[in-house]
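# Topology and contacts: notes
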Amino acid sequence: MSEALANLLNETRQFPPPAELAADANVKADAYAEAEADRLAFWERQAGRLTWAKQWDQVLDWSNPPFAKWFVGGQLNVAYNCLDRHVEAGLGDKVAIHWEGEPGDTRTITYAELHRLTCQAANALTDLGVTAGDRVAIYLPMVPEAAVAMLACARIGATHSVVFGGFSADALTNRIQDATAKVVITADGGFRRGKPSALKPTVDEAVAKCPSVEHVLVVRRTGEDVAWSEKDHWWHETVETASPEHTAQPFDAEHPLFILYTSGTTARPKGILHTTGGYLTQTSYTTHAVFDLKPETDVYWCTADIGWVTGHSYIVYGPLSNGATQVMYEGTPDTPHKGRFWEIVDKYKVTILYTAPTLIRTMMKWGEDIPAGYDLSSLRLLGSVGEPINPEAWIWYRQHVGRGELPVVDTWWQTETGAIMISPLPGVTAAKPGSAMTPLPGIVADVVDDQGQSVPNGGGGYLVLREPWPSMLRTIWGDDDRFIETYWSRFGAGAGGVESGREAGAEGSRGWVYFAGDGAKKDDDGHIWLLGRVDDVMLVSGHNISTTEVESALVSHPSVAEAAVVGATDPTTGQAIVAFAIPRGSTDTAGDAGEQLIADLRNHVAKTLGPIAKPRQIMLVPELPKTRSGKIMRRLLRDVAEHRSLGDVTTLQDSSVMELIASGMSGGK
Ligand code: 6R9
């Protein structure tokens, strides 16, 4: 890793915050010093932004690492903090959700209505026998009921497990079984790509194999016929007829709030467990700090699906705990046309937009004429999450969506971290395109070498977190050993095994280091650049080369919108670089023009990064395999590059993509 190429570090553009935003920012530069002076007191102040039924006795109990307890002895109700307290403050008529269905139907839901629906759902779940600590699986499209279902679970202390609406019956079955869920909340279907897409048949198939499930609640969305069994209840006959009176009961700060299975780009999915007080503290604070959210005036839109952690933290818990007005959209960005996102920004006068690099690169592919056709002048802040954002995509986003003026916050975090960890602060940081910049106040991150030693500025290695943080995962559901093994055994006190860690823990339990699984670099100013998953790093003739850097070099060519790079076994170099590139909209790729472009791209990479990084082979492809949260599944591309049959494709967004790519490969260069 330390030998990784220095390309990204040559990126010297830097964009200070707009003066007006800086002057009026929710969080200013002093937050860093404050947090550094006393980290726990800092988080204690952020916890104070919430309403607690009982004050905590201790901010952090780290006496049994890596099992943390935050705000020990404190009690609160998450739904109360997201709903009741706003209604009690007289904000009941304020819009919580502007919902836009894919076919163009809309719903406007105020805080008072969201509160009423949540109370009804809480009563209905209680009537179905759900009590605090029970698990409820949620398998819904992007409809307001998804947020209501999550909040209703939180309200009664049930632990939700949201499963992506696109996952197969097998994936759903495994997740229901792992959590032994008692109830499943689903819908007849949702609208995707202009037509109804059924969900209920998948649930029926899964529930048949899951004896733990006693009831299934079904939201009617598409109106299509569904099979019915005695376990099934219509949402509109159960929830919407229930009493709207419900008093939220406080739960312990460490009460389990939800389980979320990681996207599973590689191994067996892990049920990441999050708890109540610390999680809400950090999601709420980061929404306030990183998006500079002003609940009175902003219209916020996070384009994520609720089945991804981004939907949990930055559609439901972060924005609602801050009393935000937000947009929620059901469908795909190109239905019925490629300007749909910009039409929505224009229609609702969205001020803060939070989306993923994959989306930005897709928009690059479609061309800047599309956003140019809409009035985007309401926007004041742009965010990115999910993958490293290539400098060219960052610049394109700022230029063509942000009028060349708006701050872009590139936010690094994970399902496991629960909330944003490394990101610019929009009123403080002079951001560099492609860098997540600095750990947020109260977060201690570092880049270390193989031995776990901090690398100097200019060096590369592994991203680690050195101190516990409030929204950290508490364990992997039902598997404490795997939790320790996966995240805490590579560096620090846990590296010698759990027992030696426990002994080291005797003198103050310091030295436990969380390994995030990502490669990273510190530039000469100490700013952090993410380089992708370490599992994806390529070893070419003894040199470590990060996929992110070669991909960024390809995307910096004017004809390339998006690229994915993998290391394929090679008899001479150990691994050789195989690249898959999506040309920009207007590029001619037929016949000789395509051959010429491939030759140009190989030379372009060699010139940008050095000859060692020249791809052995470049494929021009129409699409790339991605998870539903937009992450490129390089594992599948490696299978193609090495002419293997495809591995597990259950988390793939669109399986036809792989056929397209594989058929091109057999005939391609
Ligand atoms: C929130 C989320 C986590 C992994 C993470 C990293 C990648 C996310 C990123 C980023 C570079 C960013 N990742 N944000 N890489 N820059 N701003 O995505 O959670 O689905 O669990 O994925 O995503 O590799 O380790 P999750």
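Residues numbered from 1 in each chain as written. Predicted model: local features only at pLDDT ≥ 70, side-chain atom pairs only at ≥ 80, totals over all residues. Heavy atoms only, no water.

### What to know about the sheet that holds strand S8 (residues 183–187)
Two modes of strand pairing occur in sheets, parallel and antiparallel, and in both the strands are linked by backbone hydrogen bonds. To keep things clear, this is the line we draw: Two strands qualify as a pair provided DSSP detects at least 2 bridges between them. Helix and strand definitions follow DSSP, with helices as H or I runs of at least four residues and strands as E runs of at least two, each counted in order from the N terminus. A contact between two residues is defined here by any heavy atoms of the two lying within 4.5 Å. Each axis is a line fitted through C-alpha atoms, and for a helix only the stretch in contact is used; angles between axes span 0 to 180 degrees, taken between their N-to-C directions.
Strand order in this open sheet of eight strands is S12-S11-S8-S6-S7-S14-S15-S23, and the pairing throughout is mixed. Two strands lie at the open edges of the sheet, namely strand S12 (232–234) and strand S23 (475–476), each paired on one side alone. In this structure, strand S7 (residues 159–162) lies alongside strand S14 (residues 256–261), joined through two bridges in parallel fashion. Pairing of Ser 161 across the sheet is with Ile 259, part of S14. Sheet contacts for helix H11 (residues 309–321): S7 and S14; angle to S14, the most-contacted strand, approximately 140°.

### Looking at the site of the ligand
Selection rule: Any residue with at least one heavy atom within 4 Å of a molecule or strand is counted as near it. As used in this structure description, the phrase polar contact means that two N or O atoms lie within 3.5 Å; if the pair is within protein, one of them must be able to donate a hydrogen and the other to accept it, and residues adjacent in sequence are counted only when both atoms belong to side chains. Accessible surface is estimated by sampling points in the Shrake-Rupley manner with a 1.4 Å probe; for residues, cover comes only from the protein chains shown. Ten residue types, Ala, Val, Leu, Ile, Met, Phe, Trp, Tyr, Cys and Pro, are classed as nonpolar, four, Asp, Glu, Lys and Arg, as charged, and the remainder, Gly among them, as polar.
Contacts to the ligand come from 17 residues, most closely from Asp 410, Thr 411, Thr 415, Asp 518 and Arg 533. A distance of 2.7 Å is found between a nitrogen atom of the ligand and a side-chain nitrogen or oxygen belonging to Asp 410. Compared with its free state, where it exposes 530 Å², the ligand has 95% of that area covered by protein. Breaking the shell around the ligand down by element, the ones donating at least two residues are H11 and strand S25 (528–533). Taken together, the residues that form the shell around the ligand break down as seven nonpolar, five polar and five charged.

### Points about the packing of aromatic side chains
For clarity, the threshold we go by: Aromatic rings from Phe, Tyr and Trp, taking only the six-membered ring of Trp, are treated as a pair when their centres fall within 6.5 Å; an angle between ring planes under 30 degrees marks them as stacked, one over 60 as edge-to-face, and anything in between as tilted. Only protein chains enter the accessibility calculation, which uses a 1.4 Å probe; a residue whose area is less than 20% of its type maximum is buried, one above 50% is exposed, and one in between is partly exposed.
Taken as a whole, this structure holds 32 aromatic pairs when the rule is applied. An angle of 75° between the planes, with centres 5.1 Å apart, marks the rings of Phe 42 and Trp 43 as edge-to-face. For the pair shown, Phe 42 and Trp 43 are each scored as buried. The interplanar angle of 85° and the centroid separation of 5.7 Å between the aromatic rings of Tyr 279 and Tyr 317 together place this pair among those described as edge-to-face.

### Quick word on the domain arrangement of the protein chain
By a widespread convention, an interface's size corresponds to the accessible area lost as its parts come together. The criterion, for reference: Domain delimitation follows an automatic or database domain assignment. Here the buried area means the combined drop in accessible surface, using a 1.4 Å probe, for two parts upon being joined, counting both sides. Salt bridge, as used here: a side-chain nitrogen of Lys or Arg that lies within 4 Å of a carboxyl oxygen of Asp or Glu.
On domain assignment, one finds that the protein chain holds domain 1 (13–77 + 275–446 + 463–517), domain 2 (98–241) and domain 3 (541–666). The straight-line distance from the C-alpha centre of domain 1 to that of domain 3 is 29 Å. Contact residues are listed per partner, giving 15 residues for domain 1 and 20 residues for domain 3. Summing both sides of the interface, domain 1 and domain 3 together bury roughly 1,400 Å²; the carbon and sulfur share of this comes to 49%. Where domain 1 meets domain 3, there are three salt bridges. The salt bridge partner of Glu 562 is Arg 361, with a shortest N-O separation of 2.8 Å. Counting across the domain 1 and domain 3 interface gives seven residue pairs in polar contact (both at pLDDT 80 or more). Among the secondary structure elements, those contributing two or more residues to the side of domain 1 that touches domain 3 are helix H13 (357–366) and helix H15 (391–401). Broken down by class, the residue content of the side of domain 1 that touches domain 3 amounts to five nonpolar, four polar and six charged.

### Structural notes on the environment of Trp 477
Summarising the element assignment, Trp 477 is placed in the loop between S23 and helix H16 (480–487). Linking Trp 477 and Tyr 261, residues 216 residues apart in sequence, is a C-alpha distance of 9.3 Å.

### Some details on the pairing of strand S28 (residues 560–570)
Within S28, 10 of the 11 residues are buried, leaving the element largely enclosed by the surrounding structure. Here S28 runs beside strand S29 (residues 574–583); their pairing, made up of 10 bridges, is antiparallel. For Gly 567, the partnering residue across the bridge sits in S29 and is Ile 577. Where S28 hands over to S29, the hairpin turn is made up of three residues, counted between the paired strands.

### Brief notes about H13
Within H13, nine of the 10 residues are buried, leaving the element largely enclosed by the surrounding structure. Taken together, the buried positions of H13 are occupied by Pro 357, Thr 358, Leu 359, Ile 360, Arg 361, Thr 362, Met 363, Met 364 and Lys 365. Just downstream of H13, Gly 367 is the residue with a positive phi angle, here 105°.

### Description of the UniProt feature "binding site: ATP" (unreviewed entry) in the protein chain
The condition is simple: UniProt positions are given in the numbering used here, feature names are shortened, and annotations may be inferred rather than shown by experiment.
Following the UniProt record, the feature "binding site: ATP" (unreviewed entry) maps to Gly 386, Glu 387, Pro 388, Asp 410, Thr 411, Trp 412, Trp 413, Gln 414, Thr 415, Asp 518 and Arg 533 here. Turning to its location among the elements, Asp 410 is positioned in strand S20 (residues 408–410). When its relative accessible area of 6% is taken as the criterion, Asp 410 is described as buried. Once you skip the residues sitting within four places of it in the chain, Asp 410 turns out to touch Ser 384, Ile 389, Ile 422, Ser 423, Pro 424, Gly 434, Ser 435 and Ala 436. Along the chain, Asp 518 falls in strand S24 (residues 514–522). The class of Asp 518 is buried, set by a relative accessible area of 9%. Apart from the residues within four sequence positions on either side, Asp 518 is in contact with Trp 412, Gln 414, Gly 461, Tyr 462, Leu 463, Leu 530, Gly 532, Arg 533 and Val 534.

### Considering the nonpolar core
Note the cut-off: Residue types Ala, Val, Leu, Ile, Met, Phe, Trp, Tyr and Cys, when buried and joined through side-chain atoms within 4.5 Å, form a set referred to as a nonpolar core.
Among the nonpolar cores identified, the biggest contains 139 residues, and Ile 185, Phe 291 and Tyr 317 are the most heavily contacted of them. The element contributing the most residues to this core is helix H6 (residues 144–156), with 10 residues. When residues are assigned to domains, this core turns out to be shared by domain 1 (13–77 + 275–446 + 463–517) and domain 2 (98–241), each giving three or more. With residues near it in sequence (within four places) discarded, Phe 291 still touches Thr 286, Tyr 300, Tyr 314, Ile 352, Tyr 354, Arg 380, Leu 381, Val 409 and Ile 420.

### Comments concerning the UniProt feature "domain: Acetyl-coenzyme A synthetase N-terminal" (unreviewed entry) in the protein chain
As recorded in UniProt, the feature "domain: Acetyl-coenzyme A synthetase N-terminal" (unreviewed entry) lies at residues 30–82. Secondary structure content for residues 30–82 is 42% helix and 28% strand, while the C-alpha to C-alpha distance between its ends is 28 Å.

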